[in-house]
Amino acid sequence: MASLTRRALLWSAVWLAPAAHLRAFAPPPSAAAPTSLDEFLEVSQRLLGRSKLDRELAQIYLDAVLSNADDAVQLAYLVESNANPTPEMKALASTIIEWWYTGVCTINGAPRLATHTGALMWSALGITAPGTCAGPFGAWSHPPV
Amino acid sequence: MPWSADIVIVGSGVAGSLAAARLAGAGLKVVILEAGPRVQRASALAQYREALIKIPEAPYPDTPYAPHPKSDDPDHYYLQDGNNKFGSTYLRQVGGTTWHWLGTALRFVPDDFRLRSRFGVGIDWPISYDDLEPWYCEAERELGVAGDPNADLNAPRSQPYPLPPIPLSYADQRTAASLKGSTHSVQPTPQARNSERYDNRPACCGSASCIPICPVQAKYDATTHVARAERAGAQVVADAVVTSVEVGADGRVTALIVKRPDGSEDRATGKVFVIAAHGIETPKLLLQSRTDRLPAGVANSSDQVGRNLMDHPAQLNWALAAEPLGVYRGPLATAGIEWTRAGDWRSEHAAFRIQLDNAGWAWPAGAPGTTVRDLIGKGLRGAELDRALADHSSREILIVPLVEQLPLAANRIVPDFDRRDAIGVPRPRITYAIDDYSKRALEHGRRIFREIAAALKATDIHEAPDVVSSSHVMGTYRMGSDPRQSVVNRDQQSHDHPNLFLLGSGVFPTSAASNPTLTIAALALRAVSAIQRSIL
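Residues numbered from 1 in each chain as written. Chains lettered and ligands numbered in written order. Predicted model: local features only at pLDDT ≥ 70, side-chain atom pairs only at ≥ 80, totals over all residues.

Caption draft 1: Layout of the overall build of chain B. Counting secondary structure elements, chain B contains 12 helices and 16 strands. For 536 residues, the compact-globule estimate of 2.2 N^0.38 gives 24 Å, and chain B sits close to it at 23 Å. Its C-alpha atoms put chain B at 75 × 50 × 45 Å along the principal axes. Burial status across chain B gives 60% buried among its 536 residues. (Helix = DSSP H or I, 4+ residues; strand = E, 2+ residues; numbered from the N terminus. Rg over C-alpha atoms; globule rule 2.2 N^0.38 Å. Buried ≥ 20, exposed ≤ 12 C-beta atoms within 10 Å, placed from the backbone.)

Caption draft 2: Expanded view of the overall build of chain A. A tally of helices and strands in chain A yields six helices and two strands. The linear arrangement of helices and strands in chain A, starting from the amino end, is α-α-α-α-α-β-β-α. Evaluated residue by residue, chain A yields a buried proportion of 34% over its 145 residues. Partitioning the contacts of chain A with sequence separation of at least 6, the portion at a separation of at least 24 is 52%. (Contact = placed C-beta atoms within 7 Å.)

Caption draft 3: Here's a closer look at helix H4 (residues 129-143) of chain B. Residues and elements named next belong to chain B. For H4, with 15 residues, the first-to-last C-alpha span of 19 Å sits near the 21 Å given by 1.5 Å per residue. Within the sequence span of H4, burial applies to Leu132, Trp135, Tyr136, Cys137, Ala139, Glu140, Glu142 and Leu143. Here the buried face of H4 lies against helix H1 (14-25) and helix H12 (517-533). Backbone geometry just downstream of H4 places glycine 144 in the positive-phi region, at approximately 80 degrees. (Expected span 1.5 Å × (residues − 1).)

Caption draft 4: Structural view of the pairing of strand S8 (residues 265-275) of chain B. All names here are of chain B. Note that strand S1 (residues 3-10) and S8 share seven bridges and pair parallel. From the neighbouring strand, valine 8 faces S8, where its bridge partner is phenylalanine 273. Here strand S7 (residues 253-259) runs beside S8; their pairing, made up of five bridges, is antiparallel. Across the sheet, lysine 259 pairs through a bridge with glutamate 265, a residue of S8. Where S8 lies against strand S16 (residues 500-502), three bridges are found, and the strand directions are parallel. Within S16, the residue paired with valine 274 across the bridge is phenylalanine 501. (Pairing = 2+ DSSP bridges.)

Caption draft 5: Structural view of the environment of B:Ala139. Among the secondary structure elements, B:Ala139 is positioned in helix H4. Setting aside anything within four residues of it in sequence, one finds B:Ala139 in contact with B:Leu518, B:Ala521, B:Ala522 and B:Leu525.

Caption draft 6: Broad picture of the pairing of strand S9 (residues 314-320) of chain B. All names here are of chain B. Across the seven residues that make up S9, a large majority, seven, are buried. Burial of the side chains of S9 extends over both faces: Ala314, Leu316, Trp318 and Leu320 are buried on one face and Gln315, Asn317 and Ala319 on the other. Here five bridges tie S9 to strand S12 (residues 396-403), and the two strands are oriented antiparallel to one another. In the strand pairing of S12, alanine 314 is matched with leucine 402.

Caption draft 7: Representation of the packing of helix H2 (residues 37-48) of chain A against helix H3 (residues 55-66) of chain A within the structure. Residues and elements named next belong to chain A. Closest axis-to-axis distance for the H2/H3 pair is 10 Å, and the angle between their directions is 95 degrees. The angle between H2 and H3 falls in the class roughly perpendicular. Counted together, Leu37, Phe40, Leu41 and Ser44 of H2 and Arg55, Ala58, Gln59 and Leu62 of H3 form the full contact between these two elements. Considering only residue class, the contact of H2 with H3 consists of five nonpolar, two polar and one charged. (Axes fitted to C-alpha atoms, helices over the stretch in contact; angles between N-to-C directions. Parallel < 35°, antiparallel > 145°, perpendicular 65-115°, else oblique. Nonpolar A, V, L, I, M, F, W, Y, C, P; charged D, E, K, R; others polar.)

Caption draft 8: Summary view of the environment of B:Thr340. For B:Thr340, the position within the fold is in the loop between strand S10 (333-337) and strand S11 (352-357). Every residue in contact with B:Thr340, bar those within four places of it in the chain, is listed here: B:Ala351, B:Phe352, B:Arg353 and B:Ile354.

Caption draft 9: Seen up close, the sheet that holds strand S15 (residues 459-468) of chain B. Residue and element names in this part refer to chain B. Pairing is antiparallel in the open sheet, where six strands are placed in the order S4-S10-S11-S12-S9-S15. Looking at the sheet topology across the chains shown, the edges are occupied by strand S4 (186-188) and S15. Each strand axis lies, on average, 25 degrees off the axis of its neighbour in the sheet, ignoring direction.

Caption draft 10: Molecular detail of the interface of chain A and chain B. Taken together, the contact pairs 31 residues of chain A with 39 residues of chain B. Broken down by element, the residue count for the side of chain A that touches chain B peaks at five residues, all from helix H5 (residues 87-102) of chain A. A breakdown of the residues in the side of chain A that touches chain B according to their chemical character gives 18 nonpolar, 12 polar and one charged.

Note that every value here comes from positions in space, so none of it alone points to a role or purpose.
Following this line, the structure appears as structure tokens:
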């Protein structure tokens, strides 16, 4: 349960955000509190189409989103629903997907490596992350699966 | 603490450690002074994993007392003056730059040793291919070279490779098949990478990270010979920056001045001195050792120390093949086009080779991360994104021509006495340019890339306009018969100081078009008996 104080903080963030970031002047989501880890995992699962995601990584990415007041607002909208998303919601959704795939997030405008081996792009490519043994000698000479 | 030994060696890379292992094994007292620290593989691997930008230097410490150049910033350590930035890098740590070399272990071809007499350009070596051939065999055994005996590499062999070949990547097989019938036959690359257990190191596990680090040491690095030298009784002193070479009135080197990270100084004395600190630090040390008696520096009566700096200028060309090739798997390169290393046209343009890279667009375009961003930007999500990413990545080809450079006196490295590092040692000032002889070869390389791209029915074709460095630093204390034109003789012994030997690719009179490490190793092994003979 989010505290009233947290709700108030997010309200402030909404009011401080440029008008363009407000969702078509709709009232802010009723769950207008800083997104919880479970909520962020649920959003991530929905965006990625994957059920098993690393909680520690999720916490890093969540903290990165929440470090930006505008993004925190957009994340609250995404928690509620990603039907009829605004361009701002779409942008944040893309960012979250990118972070999970590359293992690199952005905090205060600076890129930060969250994980090397846990970046989803390696498994999407069907390989292990560079620097980790890939399997039997000579496997690279076989056609890709 | 002062050191004293029969042989004092500066540098613990492939040249210094190979010589040390042999000399200590022969019962001589050997001290190796290494400017940089000892590095543990596990901590280097951890640092690599945690690095945001995975440049070749990413896993390794860049200490204030032994700074090294960085691939993503040519002005990090070098001070640059020339038309082209010199982008080649090296490491200063126990084991040297072999920590992040690719592992390519090609021999030079016979014409590389007689460029002047055959083609009227460059300068001849004081030794021939035949002189070096037995030492290539030795070097291949020491490093553990896996090679295909049927490969056509224009370099005659008297003995077989010690290890069976590394299988070609699937991409290389498909490229070879696509080029069948053309002049561009794809040849398996000899590699100092284990294809089976050798020298107590395992076979390659396909980590696809030869540069910057092999996690299991299937790829040879010089820590192998550092350990062997230590087992034979050699003393390895890390964090020992040699700042000056002292020469007596009789012309013999008497001592080395060593600076430690805390600023304290020591001396190392010995009967024979071997400097094997690679193509920038070795000439810098000799030049910064200037005195009233030797105002041009040590070993520099020829004025050739620091000159003739060469690299293998390279070009990045990349495209998207029509079919999945399964790149991003296995060693970073397993094959190349090699016929271009030898030919009668060398009077007109440089020799070159073409490396078929095996890591997709990682180097030229930051893939696969950038591919992820592009595909997400196109709205792809979930399984569709995975499929598109796998398909794109699998088809990414990178073709890299590496070209020979001629020795040019104006291409040089000197110590800058006004710009010093954290412990007060002059930083390297570099003047470097790429001449038309090399540029013409780059054009030929690009033409062959286009033929390969066409054979693979590739699309999305990119040709980087800029030249990149290969981190092959050569030529800055060259060997020769004429003391007026060269720094060391055919045994890599200084023309000026009989108890001083210089090892490493700095002795190369010309650069050839092959990766230098095997030739560095062969020359170092060849020098060992002369070093022993020089002990009075």
